[in-house]
Amino acid sequence: MTSEQERQRRLDDIADLAEGVSDEYTKASQRTEPEAIIAAKKITLSFGDYADAFDGLLEHKNGAFHIYGNLHRLKSRESGRARFTLAHELGHFFIDDHRRELQSGRTPSHPSFSDYQSKNPVEQEADHFASHLLMPLVRFAKAGKRVAIGLEGVLALRDTFGTSITSTAIRCTKLEVGPYTLIKWSPDDFEWKWFSPSTFAAGYRAVMKTKANIPRDSATGKAMAGDTLPEKGFFQSGTSASAWFPGIWAGTQRDVLFIEQAILLGEFGVLTLLFPEQRKF
Amino acid sequence: MTKPSHPANAPKSGDTERLVEEYLRRSVQSIPQTPEEVAAAEAWIANQSIEVPKRLLAADPCVVPALRPSARAIPFPQAVSDVGQGLARAARDGKTITPDVEERMKRDREQKEREAKGDK
């Protein structure tokens, strides 16, 4: 087994674990409540203003766990970001290797690893756990079939599952709720991209990453400029594949029309969602 | 073609089984079946010095392989700070914790732990 296959198997195991936990603690409603799971596991929890130190933090001391939620960053304990952060910390608790490391005291007592945090496999695993805990595959895929395509559907699913726009959009893209290309822009520059399986299979695999090339009157340009938000909650414009995918030449058969939607994520930047006007490749 | 010759000292047919049994009994490799054989086996074992392989001296590899940390475990990133007093943390988007924030965290945790014990 290659290291990539082994890594995927580990992520699959973590997804199964998270979905099992979600099923166990989510009875009547579709929404998983991380705070209820934290209470059931007898983990104490405090929300406070902890300046810019972290979003959330799981601490093991004297044989007991405690979770801190930082309202300075999370704004409200009911926000999608707060719920995802708590679910992320629960990932560190439920994933055996993470919990053992914390219990052993071998982990740093100081969380000063923000520089490479997003690439840190441990943090990625906790994010993976959180995503599956809050948006379990079967329930999410079933709900995804009942919503409109694009950001309208993403926002509806966000409300149903109580998650953040970004995490919901990623889940929609990975699960092929639509033939999506998802691009995240930080306030300064391109941050990351994600393709749905059908988009990737159709050969649309590279995106334009230069912020300066985004037309001011496009949906993304308007969101970046902070224009007045339309009533539906996001900007929308028509575009072409060649405008966004460098590998597609203008005027060729694959240069199909795309719908471009964008939403401002406050201080975190802008999210762009692209899908073919025909809704399929 | 000439028939292969039979060694002169080879056991005759039927003798082989008896000779093997005799050897096993003398070297206490067969299961003792009579009181005399049991007594002989016990006397033989008492005089033997059987060393347990070092890898089996600890019960861990034989009894609890499934409970040991997976070889695929991914270590937490190491930070510069100390690891002391049984304190360990995993932060989401963590940055420097200033002393006043550290103090606030300590206070908040103690308060919540008191509440959990029913001592407000």
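One can find the structure itself at the top, above this paragraph.
Residues numbered from 1 in each chain as written. Chains lettered and ligands numbered in written order. Predicted model: local features only at pLDDT ≥ 70, side-chain atom pairs only at ≥ 80, totals over all residues. Heavy atoms only, no water.

### Regarding the pairing of strand β1 (residues 88-92) of chain B
Two faces, one strand: in a regular strand the side chains alternate between the faces of the sheet. What counts, and what does not: Burial classes follow relative accessibility: with a 1.4 Å probe on protein chains only, a residue under 20% of its type's maximum area counts as buried, one over 50% as exposed, and anything between as partly exposed. Secondary structure elements follow DSSP: runs of H or I no shorter than four residues count as helices, runs of E no shorter than two count as strands, and numbering proceeds from the N terminus. Two strands pair if DSSP finds at least two bridges between them.
When you tally the buried positions in β1(B), you get five out of five residues, the bulk of the element. Here β1(B) shows a buried face lined by B:Ala88, B:Ala90 and B:Arg92 and a second buried face lined by B:Arg89 and B:Ala91. Relative to β1(B), strand β2 (residues 56-61) of chain A is paired through five bridges, and the arrangement is antiparallel. Considered in β1(B), the bridge of A:Glu59 is made with B:Arg89.

### Digging into the nonpolar core
All names here are of chain A. The condition that has to hold: Put simply, buried Ala, Val, Leu, Ile, Met, Phe, Trp, Tyr and Cys residues joined by side-chain atoms within 4.5 Å make one nonpolar core. Where each domain starts and ends follows an automatic or database-derived domain assignment. The contact criterion used throughout is that any non-hydrogen atoms of two residues lie within 4.5 Å.
If you look at the biggest cluster of nonpolar residues, it comprises 48 residues, and the most contacted ones within it are Leu 90, Phe 129, Leu 133 and Ile 263. The greatest single-element share of this core, amounting to seven residues, is contributed by helix α4 (residues 80-94). There are two domains that each give this core at least three residues, and those are domain 1 (3-134) and domain 2 (138-276). Apart from residues lying up to four places away in sequence, Ile 263 is in contact with Leu 151, Leu 155, Ile 165, Ala 223, Gly 233, Phe 234, Gly 269, Val 270 and Leu 271. Phe 190, Val 207, Phe 245 and Val 270 belong to the second largest nonpolar core, which has 19 residues in total.

### Section: the side chain of A:Asn70
All names here are of chain A. We apply this condition: Whenever two N or O atoms come within 3.5 Å, that pair is a polar contact, provided that in protein one can donate a hydrogen and the other can accept it, and provided that, for residues adjacent in sequence, both atoms are side-chain atoms.
Here Asn 70 is to be found in strand β3 (residues 64-70). Residue classification places Asn 70 among the buried residues on the basis of a relative accessible area of 0%. Of note is the side chain of Asn 70, whose polar atom sits 2.8 Å from the backbone oxygen of Ala 51. Among residues more than four places away in sequence, those in contact with Asn 70 are Gly 48, Asp 49, Tyr 50, Ala 51, Ala 53, Phe 54 and Asp 55.

### With respect to unusual backbone geometry
Residues and elements named next belong to chain A. Phi at Glu 176 is positive, roughly 60 degrees, even though this residue is not glycine. Position of Glu 176 among the secondary structure elements: in the loop between α9 (165-174) and β4 (181-185). Residue classification places Glu 176 among the partly exposed positions, given a relative accessible area of 30%. The phi dihedral of Arg 279 is positive, around 70 degrees, even though this residue is not glycine. Relative to the elements of secondary structure, Arg 279 occurs in the segment after β8 (270-276). The class for Arg 279 is partly exposed, based on a relative accessible area of 43%.

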